[in-house]
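Here is how the chains run, residue by residue.
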Amino acid sequence: MAMLRFNCELEHVPGLRADAVVGDTVVEVITELRDGRRLRAAFMDMARASDAEWVKHVILALDKPRMSETRLREEWDRARSVFRPALFARLSVAIRHAGGWSGIPWSKTSPRIN
């Protein structure tokens, strides 16, 4: 079983802390995200974290963002054009809103989690 650590410094990524780390997955949480600038900064931090050898997945958990899911997906697509595909494949976003959870990327065959 993987160990769960909270609010920890990431090894081999100077100056970057994670809200949680479980095994080879890093989780960053943002509550009530309001603007694209903060989202883009979070994407950059995610990319930095995923570049560490031991990290296999980085999840940005957005709790009740003030931005629409459409806007979040647009920003995600813009980030995709900037990051290396191998690095970008390690990133995902989990979105918690009043209706439950959704995610980016989200398979069309995946059910929404309520």
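Parameters and conventions
- What you see as residue numbers is a count from 1 along each chain, following the sequence as written.
- With pLDDT at 70 or above as the cut-off, local features in this predicted model cover only qualifying residues; side-chain atom pairs require 80 or more to be listed or tallied, and sums for whole chains, interfaces and linings still use all residues.
- Hydrogens and waters are ignored; side-chain quantities use all the structure's heavy atoms.
- Only when DSSP finds a minimum of two bridges between them are two strands counted as paired.
- Helix and strand assignments follow DSSP, with helices taken as H or I runs no shorter than four residues and strands as E runs no shorter than two, numbered in order from the N terminus.
- Orientation is described by lines fitted to C-alpha atoms, with helices fitted over the stretch in contact, and by angles between N-to-C directions that extend from 0 to 180 degrees.
- Note on contacts: a residue pair is in contact if any heavy atoms of the two residues lie within 4.5 Å.
- Put simply, a patch holds well-exposed residues, over 30% relative accessible area, that have no salt bridge, with like charges counted together within 9 Å and Val, Leu, Ile, Met, Phe, Trp or Tyr side chains within 5 Å.
- Areas reported here follow the Shrake-Rupley algorithm with a probe of radius 1.4 Å; residue values treat only the protein chains shown as occluding.
- Salt bridge, as used here: a side-chain nitrogen of Lys or Arg that lies within 4 Å of a carboxyl oxygen of Asp or Glu.

Caption draft 1: Highlighting the sheet that holds strand β4 (residues 57-63). Spatial strand order, β1-β2-β3-β4-β5-β6: 6 strands in an open sheet with mixed pairing. Two strands lie at the open edges of the sheet, namely β1 (4-9) and β6 (100-104), each paired on one side alone. Put simply, the sheet's adjacent strands are angled 25° from each other on average, direction ignored. One ladder, built from 6 bridges, connects β4 with strand β5 (residues 91-97); its direction is parallel. Among the inter-strand pairings, V58 is bridged to a residue of β5, identified as L91. Across the sheet, helix α1 (residues 36-50) lies against β3 (25-31), β4 and β5, angled at about 155° from β4, the strand it touches most. Each of β4, β5 and β6 touches helix α2 (residues 69-80); the most contacted strand, β5, lies at about 170° to it.

Caption draft 2: View of unusual backbone geometry. Even without being glycine, N7 reaches a positive phi, approximately 45°. Here N7 lies in strand β1. Backbone geometry places K64, a non-glycine residue, at a positive phi of 50°. Here K64 shows up in the loop between β4 and α2.

Caption draft 3: Region of the structure containing a nonpolar patch on the surface. On the surface, L4, F6 and V22 cluster together into a nonpolar patch covering about 290 Å² of accessible area. Within the fold, V22 resides in strand β2 (residues 17-22).

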